[in-house]
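# Analysis of the macromolecular model
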Amino acid sequence: MNGRQDDLPTIFERSEPGRRAARPPVVEGPSMAALLGDAALRDAPPALPEVSELDLVRHYTNLAHRQTSIDGNVYPLGSCTMKYNPKVHEEVAALFEDLHPEQDPSSVQGLLEALGTLQGWLGSITGMDEVTLQPAAGAHGELTGILMIRAYHEANGEGAQRRHVIVPDAAHGTNPATAGMVGYDVVEVPTAADGEVDLDAMKAALGPDTAAVMLTNPSTVGIFETRILEIADAAHAVGAQLYYDGANLNAIVGKARPGDMGFDVVHMNLHKTLTTPHGGGGPGTGPVGVKAHLAPYLPLPHVTRDADGAWGLTTDAATSIGRMRSYYGNVGNLVRAYAYVRSLGAEGLANVAEMAVLNANYLRVRMREAGFASAFERTCMHEFVARPPEGVSTNDVAKALLDEGMHPMTVYFPMVVKEAMMVEPTETESLQTLDAYADALARILRRAERDPASLAEAPTTTPVRRLDEVAAARRPVLRWRPREDDADVAGAAAD
Amino acid sequence: MRYTPHTAEDVRAALDAIGVDDVQALFADVPADLLDPPLDLPAPADEATLLRHVRDLAARTDARSPSFLGGGVRAHFTPSVTKHLAMQSEFVTAYTPYQAEVAQGVLQTTFEFQTMMSELTGLPVSNASMYDGASAVAEAALLALRATKRRRVVVSRGVHPQAREVLATYLAPLDVTVDVVDLDGDHATPVPADLSDAAAWIVQSPNHLGTVEPFPPHVRAAHEAGALAVAVADPLSLAVLQSPGDAGADVAVGDGQTLGVPPQFGGPHFGYMVVTERLLRQLPGRLVGETRDVDGRRGYVLTLQAREQHIRRGKAKSNICSNHQLAAGMATINLAALGPAGLRDLAEGSVRNAHALADRLRQEGYDVATGNRPFFAEFPVRVPRDPREVRRDLHAAGVRAGVPVPDEYGLGSAILLAATESTSDADVDALVAALARVAPAAEVPA
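Rules behind the numbers
- Residues numbered from 1 in each chain as written.
- Chains lettered and ligands numbered in written order.
- Predicted model: local features only at pLDDT ≥ 70, side-chain atom pairs only at ≥ 80, totals over all residues.
- Heavy atoms only, no water.
- Helix = DSSP H or I, 4+ residues; strand = E, 2+ residues; numbered from the N terminus.
- Buried < 20%, exposed > 50% of the residue type's maximum accessible area, 1.4 Å probe, protein only.
- Contact = heavy atoms within 4.5 Å.
- Areas by Shrake-Rupley, 256 points an atom, 1.4 Å probe, with all protein chains shown as cover.
- 1 Å grid on protein atoms, 1.4 Å probe; cavity = no way out; pocket = protein on both sides within 12 Å on 5 of 7 lines; lining within 4 Å.
- Points joined across faces, edges and corners; volume = space filled by probe spheres on them.
- Nonpolar A, V, L, I, M, F, W, Y, C, P; charged D, E, K, R; others polar.
- Axes fitted to C-alpha atoms, helices over the stretch in contact; angles between N-to-C directions.
- Left-handed = near helix turned anticlockwise from the far one by under 90°.
- Buried area = accessible area lost by both parts, 1.4 Å probe.
- Salt bridge = Lys/Arg side-chain N within 4 Å of Asp/Glu carboxyl O.
- Polar contact = N/O pair within 3.5 Å; in protein donor to acceptor, adjacent residues only side chain to side chain.
- Phe/Tyr/Trp six-rings, centres within 6.5 Å; stacked < 30°, edge-to-face > 60°.
- Pairing = 2+ DSSP bridges.
- Disulfide = S-S within 2.5 Å.
- Core = buried A, V, L, I, M, F, W, Y, C linked by side-chain atoms within 4.5 Å.

This next bit is on the overall build of chain B. Scanning chain B for helices and strands turns up 12 helices and 12 strands. Projected onto its principal axes, the C-alpha positions of chain B cover 85 × 55 × 45 Å. Taking all 446 residues of chain B together, 68% fall into the buried category. In chain B, once contacts between residues fewer than 6 apart in sequence are set aside, the share between residues at least 24 apart is 70%. Of the roughly 14000 Å² of accessible surface on chain B, a fraction of 49% belongs to carbon and sulfur atoms.

Bringing the layout of surface pockets into the picture now. There is about 870 Å³ of room inside the second largest pocket. Glu102(A), Thr315(A), Arg388(B), Arg391(B) and Pro404(B) are the residues nearest the centre of the second largest pocket, which is lined by 32 residues in total. Elements supplying a minimum of two residues to the lining of the second largest pocket: strand S9 (311–314) of chain A together with helix H7 (161–171), helix H11 (387–396) and strand S11 (403–404) of chain B. A breakdown of the residues in the lining of the second largest pocket according to their chemical character gives 12 nonpolar, nine polar and 11 charged.

For the rest of this paragraph, the subject is the environment of Val81(B). One can find Val81(B) in helix H3 (residues 80–86). The class for Val81(B) is buried, based on a relative accessible area of 7%. Those residues in contact with Val81(B) that sit more than four places away from it in its chain are Glu53(A), Leu56(A), Val57(A) and Ala337(B).

Quick look at the packing of helix H10 (residues 325–363) of chain B against helix H12 (residues 425–438) of chain B now. The relative placement of two packed helices is expressed as an angle between their axes plus a distance between the axes. Residues and elements named next belong to chain B. At a minimum axis separation of 11 Å, H10 and H12 run at an interaxial angle of 35 degrees. Considering only the axes of H10 and H12, their crossing is right-handed. Residues Leu-357, Arg-360 and Leu-361 of H10 form the contact with H12, whose participating residues are Val-428, Asp-429, Leu-431, Val-432 and Leu-435. Each residue belonging to the contact of H10 with H12 can be placed in one class, and the counts come to six nonpolar, no polar and two charged.

Residue-level contacts link 203 residues of chain A with 181 residues of chain B. A buried area of about 16700 Å², summed over both sides, lies between chain A and chain B, and 62% of it is on carbon and sulfur atoms. Summed over the shared surface of chain A and chain B, the number is 14 salt bridges. We note a salt bridge from Lys83(B) to Glu97(A), for which the minimum N-O separation is 2.9 Å. At the surface where chain A touches chain B, the tally comes to 91 residue pairs in polar contact (both at pLDDT 80 or more). For the side of chain A that touches chain B, the class distribution of residues is 106 nonpolar, 54 polar and 43 charged.

Inspection of the entire model under this criterion finds 12 aromatic pairs over all chains. For the ring pair Phe12(A) and Trp480(A), a centre distance of 5.3 Å and an interplane angle of 10 degrees mean the geometry is stacked. Pair noted here: Phe12(A) is in the segment before helix H1 (32–36) and Trp480(A) is in the loop between helix H14 (469–474) and helix H15 (487–494), with a separation of 468 residues, a long-range link. Of the residues examined, Phe12(A) reaches a relative accessible area of 7% and is grouped as buried. Consider the rings of Tyr152(A) and Tyr297(A), whose centres lie 6.4 Å apart with planes at 80 degrees: the pair is edge-to-face. You can see Tyr152(A) sitting in helix H5 (residues 138–155) and its partner Tyr297(A) sitting in the loop between strand S7 (288–290) and strand S8 (302–305), a full 145 residues away along the chain. The exposure class of Tyr152(A) is buried, given its relative accessible area of 19%. Classification of Tyr297(A) as buried rests on a relative accessible area of 10%. Pairwise contacts between aromatic rings join Tyr84(A), Tyr340(A) and Tyr3(B) into one cluster.

With that settled, the discussion passes to unusual backbone geometry. Here the residue pair Asn217(A) and Pro218(A) is connected by a cis peptide bond, since its omega of 0 degrees sits within 30 degrees of zero. In this structure, Pro218(A) sits in the loop between strand S4 (210–215) and helix H8 (228–237). In this structure, Pro206(B) follows Ser205(B) across a cis peptide bond, with omega equal to -15 degrees. Mapped onto the fold, Pro206(B) is located in the loop between strand S4 (200–205) and helix H8 (215–224). In this structure, Ser79(A) takes a positive phi of about 70 degrees despite not being glycine. With respect to the helices and strands, Ser79(A) occurs in the loop between helix H2 (53–65) and helix H3 (88–94). Overall, the relative accessible area of 5% leaves Ser79(A) in the buried class.

Here the focus is the sheet that holds S4(B). Residue and element names in this part refer to chain B. Here we have seven strands laid out as an open sheet, ordered S1-S7-S6-S5-S4-S2-S3, and mixed in their pairing. Lying at the two open borders of the sheet, with one neighbouring strand each, are strand S1 (125–126) and strand S3 (177–181). Taken together, the five bridges between strand S2 (residues 152–156) and S3 define a ladder with parallel strand orientation. Looking at the pairing, Val-153 lines up with Val-178 of S3.

In protein chemistry, a disulfide is the covalent bond that joins the sulfur atoms of two cysteines. A full pass over the atoms with the stated rule returns zero disulfides over all chains. Counting only cysteine sulfurs, Cys80(A) is the nearest neighbor of Cys380(A), a cysteine outside any disulfide, at a range of 17 Å.

Residues and elements named next belong to chain A. An order of S1-S7-S6-S5-S4-S2-S3 is seen for the seven strands of this open sheet, with the pairing classed as mixed. The open sheet terminates on both sides in strands that have one partner only, identified here as strand S1 (130–132) and strand S3 (185–189). Shown here is a sheet whose adjacent strand axes are inclined to one another by a mean of 20 degrees, direction ignored. Strand direction decides the pairing type here: strand S2 (residues 164–168) and S3, joined by five bridges, are parallel. In the sheet register, Ile-166 faces S3, and the bridge partner there is Val-187. The sheet contacts of H5 involve S4, strand S5 (241–244), strand S6 (265–267) and S7, and relative to S5 the element is tilted by about 170 degrees.

Our focus in this paragraph is the nonpolar core. If you look at soluble globular proteins, the nonpolar side chains tend to sit buried side by side. Judged by nonpolar contacts, the single largest core of 119 residues is most densely connected at Met202(A), Leu215(A), Ile252(A), Leu349(A), Met367(A), Phe372(A) and Phe27(B). Setting aside residues no more than four positions away along its own chain, Ile252(A) makes contact with Asn217(A), Pro218(A), Phe224(A), Tyr244(A), Pro258(A), Met261(A), Ala353(A) and Met381(A). Counting 100 residues, the second-largest nonpolar core is a separate cluster that includes Leu48(A), Met117(B), Met330(B) and Ile415(B).

This brings us to the side chain of Asn207(B). Residues and elements named next belong to chain B. Mapped onto the fold, Asn-207 is located in the loop between S4 and H8. Since its relative accessible area comes to 4%, Asn-207 is described here as buried. The residues touching Asn-207, leaving out its near neighbours within four places in the chain, are Gly-158, Leu-183, His-187, Ala-188 and Glu-213.

Quick look at the structure:
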């Protein structure tokens with residue numbers, strides 16, 4: 001042990017019987033046994049923590065201080081997209097947080113107007129005819145989209161015939177997982193040397209048994225698929241549907257539209273492009289847009305407006321794929337996205353893509369000067385894949401960045417590039433921040449040449465140092481237990 | 001331009017460094033006729049204009065009238081400290097904890113969440129949260145299909161209708177039969193006669209009509225048939241009701257909104273899923289595990305990721321690659337703020353106020369259709385007209401109440417009413433007065 005921070009106790013280890021931070025209203029009345037019957041009651045209360053309010057505040061404030069965030073640090077996670085979350089959004093979202101989803105539509109007209117309007121705006125941004133706001137995350141949007149494609153083929157009598165979905169080998173892992181959930185076989189096509197999809201392999205894979213092609217554009221290596229119109233034509237020629245994974249929409253938002261490229265379905269990750277917070281893992285929010293021929297299959301409910309101008313929620317459509325989640329979507333995030341689009345307008349959104357692409361190319365050049373090769377030496381879009389020089393490990397560089405006070409890029413993705421470092425600065429970082437990032441990377445490479453062993457020691461300044469992930473997976477400890485039962489943890493530490 | 005920091009000089013300097021003439025050159029890979037389409041969007045609004053606009057929208061909503069709305073979502077008392085701590089910017093503006101050394105805040109909070117959900121449900125292995133309760137029910141069915149290699153799911157009609165709809169959506173592409181078991185005359189689920197070949201038997205308590213379902217006989221029936229017993233539970237109710245784990249269930253799922261997350265018209269909330277040790281490797285979603293760093297210090301990491309789509313891709317357990325951490329973290333802090341006594345006060349207060357409300361409505365002559373089984377904090381009341389019209393008119397009369405009971409329950413025209421610990425006598429008086437105008441007891445058909 002060195003002299004740095006000790007273990008931070010769990011909230012359970014701070015617990016003292018009889019302490020309470022909060023006192024809800026107490027309602028006197030009959031016993032639970034009298035109202036609910038003895039048999040239904042639990043024998044012992046759940047062992048939740050018992051702490052004072054100040055204990056509680058200190059604990060979760062200290063935990064917050066052990067957490068990196070976009071508000072504190074540059075966070076260039078390629079494909080994950082961490083940009084600034086405007087503060088005004090919190091005020092906007094709070095205006096709607098006490099609304100109950102079972103309220104009569106007449107009592108939520110202002111909110112339904114925002115949601116209905118947002119549906120239209122997202123359709124315009126993506127070039128789609130109809131949009132559903134329901135999906136709870138990007139991957140949930142993928143599931144929604146592929147279920148709609150399946151319903152479309154079924155309605156055309158081709159459900160049994162179309163058995164597979166084509167996915168590039170560099171695709172986000174959710175794409176093949178989604179296709180698998182909908183019962184499709186996955187056919188992978190390789191990435192060509194220029195970073196784009198191998199068009200010949202794509203054409204060879206396409207056939208009357210293809211249900212859909214799932215692509216993102218720009219691709220997961222940050223390159224625009226220049227032959228996208230040809231890909232769309234080839235897919236449509238065999239009756240397949242073209243699905244757009246919106247994870248990379250930030251590169252083209254306001255500048256170009258998936259709908260104009262021939263895509264039939266698109267999901268958007270609102271946290272990646274329209275600045276909704278991701279909260280250390282979620283919520284996401286994954287609205288899905290479709291061309292008119294797929295509109296009959298949209299999930300329900302759907303925000304609509306009647307002839308009198310009243311907003312409502314449609315819940316009946318015989319052809320709908322059904323419901324994807326309870327109620328209407330992650331409304332708290334949808335109103336944040338509404339505020340963002342309303343703040344920026346068309347020109348502001350185009351500026352987002354332009355500055356995101358400018359920043360990515362600037363950092364790509366600066367990193368090349370610092371000694372990191374780009375995986376593909378060409379203009380990138382909002383992100384790019386780099387690699388360290390031979391003999392230096394991407395993971396070591398990432399951990400050394402932590403000691404520089406900076407968050408690493410996405411590492412080891414996409415899997416088609418060895419030692420991949422996927423960097424996405426986003427439009428909200430300044431050139432000065434990008435210079436500092438490149439300078440830190442240059443220092444790390446000099447250190448790697450001078451004292452390679454020291455890199456493997458990094459990080460040394462973080463609350464904890466490199467953690468034993470193998471032990472965590474081999475003997476999973478997934479909940480806290482009182483000390484006397486804690487032999488497993490001691491065992492894991494000894495491994 | 002609102003949130004981008006670039007000055008004209010910055011843009012020039014960056015272009016020079018890159019070696020192109022203008023920003024448009026960076027989009028040279030995009031076919032020219034695709035570039036810069038006109039978009040049908042409003043003109044940019046400055047912050048003051050934006051706030052005025054959204055406040056105008058909010059003024060055309062009712063967030064303040066007394067509420068008796070339930071249906072799985074309820075606004076319980078949440079101490080101020082919960083929101084203040086949960087909304088710290090380090091928690092709000094963090095991404096997925098891919099670099100564990102600088103993400104201990106989120107990882108430890110998640111580990112504490114997993115522990116609390118394990119305590120509440122009486123089962124050992126919780127994931128880091130799901131999208132919501134309805135999708136968690138569907139994922140529980142998928143888990144059971146994987147674990148048992150069977151092709152049939154049996155579900156009680158007492159399970160929230162929207163959860164059953166989501167279940168149907170998720171299972172539609174698969175060659176799986178879904179059977180629904182009707183409630184009996186007392187709104188309780190009979191133990192089904194035939195669970196043969198079932199992967200899962202899914203029962204909810206309190207069920208959609210508010211009735212408390214005893215899990216043990218259902219668990220026994222599932223296990224005798226070789227099926228998994230899936231218990232759907234409002235986690236707040238588990239402060240007083242027997243836990244799924246104590247009843248022997250294999251899987252507990254539900255929506256966590258009642259643990260301190262604002263209703264916000266239905267989301268974001270979070271779902272939970274907690275399972276037995278035996279089902280650990282079938283569990284979808286993220287898991288946080290405890291481990292040690294190179295100095296022997298305790299720390300937390302995302303673990304068992306081989307189950308997930310990043311590695312398994314087409315063979316992953318689920319395509320879920322996120323959780324609803326912000327909401328789950330809020331529930332974690334709230335549970336710590338309340339402790340076992342505070343959580344019990346919320347649950348008991350809700351039960352007592354709901355029973356007092358049912359008694360009052362009976363005195364007023366209403367047909368409170370609870371059946372002869374215990375109910376928790378929500379119950380059906382017959383009304384003389386289409387329940388949707390009654391709900392609309394109650395809102396117009398200044399009370400948010402009247403979740404329509406779907407026709408499938410065979411109660412005729414009925415609404416659900418819910419109470420919480422915060423329901424006041426004045427709220428109840430307002431409801432009674434509004435009902436007298438909108439749906440007089442005398443008009444309810446016998």
